[in-house]
Amino acid sequence: MDKAFSSEVGTGSREENASKQKTRAPFRFHRNGKGSSRNSTMRPSGRPAWRLVRLTAVLAVIMMAAAGGQASAAADETEARVFFTKFVAAQNAHDVNSVKSMLWDSPGMLWFGRNVETRGRDAVAERFGEYYQGTWHLEPDMSQFHVTVVSNDVMQILVPIVFTRGLPGQPSQDNKFLISQTFVHDAAGWHVAAIMPIANTQLK
């Protein structure tokens, strides 16, 4: 009986051991001498790699956005220069209609000069027309032209301008002013919303 019992126990142990070996993942050796099984995973070493990939992608997006922002700013400055140059050309040609078309069509449009505040596109254009009866010429220093982008639809420029002015039949005089102008953009394009002189003509 002891032998039979011992034999049954031994057989059961062998069957149990065989079952455990089947469920246990086989152990393999790599060429480097280190072992591993099928249940082993690369997650611990794989996570840093995925994080690096994600970080690289995020940095790429940030760089693209920064490059886009720089390009946008450059485009805004170019648009401001082109528009301002056109506005000065119309001024020097004493073309009231062209000047008026570039003024902001709003009661809030402002021109402040010689301690006189003029508001509204029609009133400002009329005042320009009065100056055009005599000597009126603008010579901006475009090497000192500065643009500040306030928003997608608002820009502010700062530029020194030499004004040659004179009443009809009177000698002209040259005066230099640092002029600030605000541009607004609407469905019709860019327009001058405000013209303001600055007391200090020296840009630093």
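Computed from a predicted structure; not experimentally measured.

1. Quick word on the environment of histidine 185
(1) Moving on: Note that histidine 185 resides in strand β8 (residues 173–186).
(2) Moving on: Here the alpha-carbon distance between histidine 185 and methionine 155, two residues 30 residues apart in the chain, equals 8.7 Å.
(3) Moving on: Not counting the four nearest positions on each side in its chain, histidine 185 is found in contact with Asp153 and Trp190.

2. Notes on the pairing of strand β6 (residues 146–151)
In summary, the side chains of a regular strand alternate between the two faces of the sheet.
(1) Moving on: Bridging between β6 and strand β7 (residues 154–166) involves five bridges; their strand directions are antiparallel. Across the sheet, the residue bridging to threonine 148 is glutamine 156, located in β7.

3. Considerations on the pattern of salt bridges
(1) Moving on: In this structure the tally under the stated criterion is four salt bridges.
(2) Moving on: Arginine 81 is paired through a salt bridge with glutamate 77; the nearest N and O atoms lie 3.7 Å apart. Here arginine 81 pairs with glutamate 77, and both are found in helix α2 (residues 43–92), just four residues apart, close to one helical turn.
(3) Moving on: Classification of glutamate 77 by relative accessible area gives partly exposed; the value is 32%.
(4) Moving on: A salt bridge links aspartate 105 to arginine 121; its shortest N-O distance comes to 3.6 Å.

4. With respect to the pairing of β7
(1) Moving on: Both strand β5 (residues 135–140) and β7 contribute to a ladder of six bridges, which runs antiparallel. Across the sheet, the residue bridging to leucine 138 is phenylalanine 163, located in β7.
(2) Moving on: Between β6 and the antiparallel strand that follows it, β7, lie two residues.
(3) Moving on: Pairing of β7 with β8 involves 12 bridges; the strand directions are antiparallel. Directly across from glutamine 156, in β8, lies its bridge partner threonine 182.
(4) Moving on: Turn length for the β7-β8 hairpin, with the two strands adjacent in sequence and antiparallel, is six residues, and the turn residue glycine 169 shows positive phi of about 80 degrees.

The rules behind the values
Residues numbered from 1 in each chain as written. Predicted model: local features only at pLDDT ≥ 70, side-chain atom pairs only at ≥ 80, totals over all residues. Heavy atoms only, no water. Helix = DSSP H or I, 4+ residues; strand = E, 2+ residues; numbered from the N terminus. Contact = heavy atoms within 4.5 Å. Pairing = 2+ DSSP bridges. Salt bridge = Lys/Arg side-chain N within 4 Å of Asp/Glu carboxyl O. Buried < 20%, exposed > 50% of the residue type's maximum accessible area, 1.4 Å probe, protein only.

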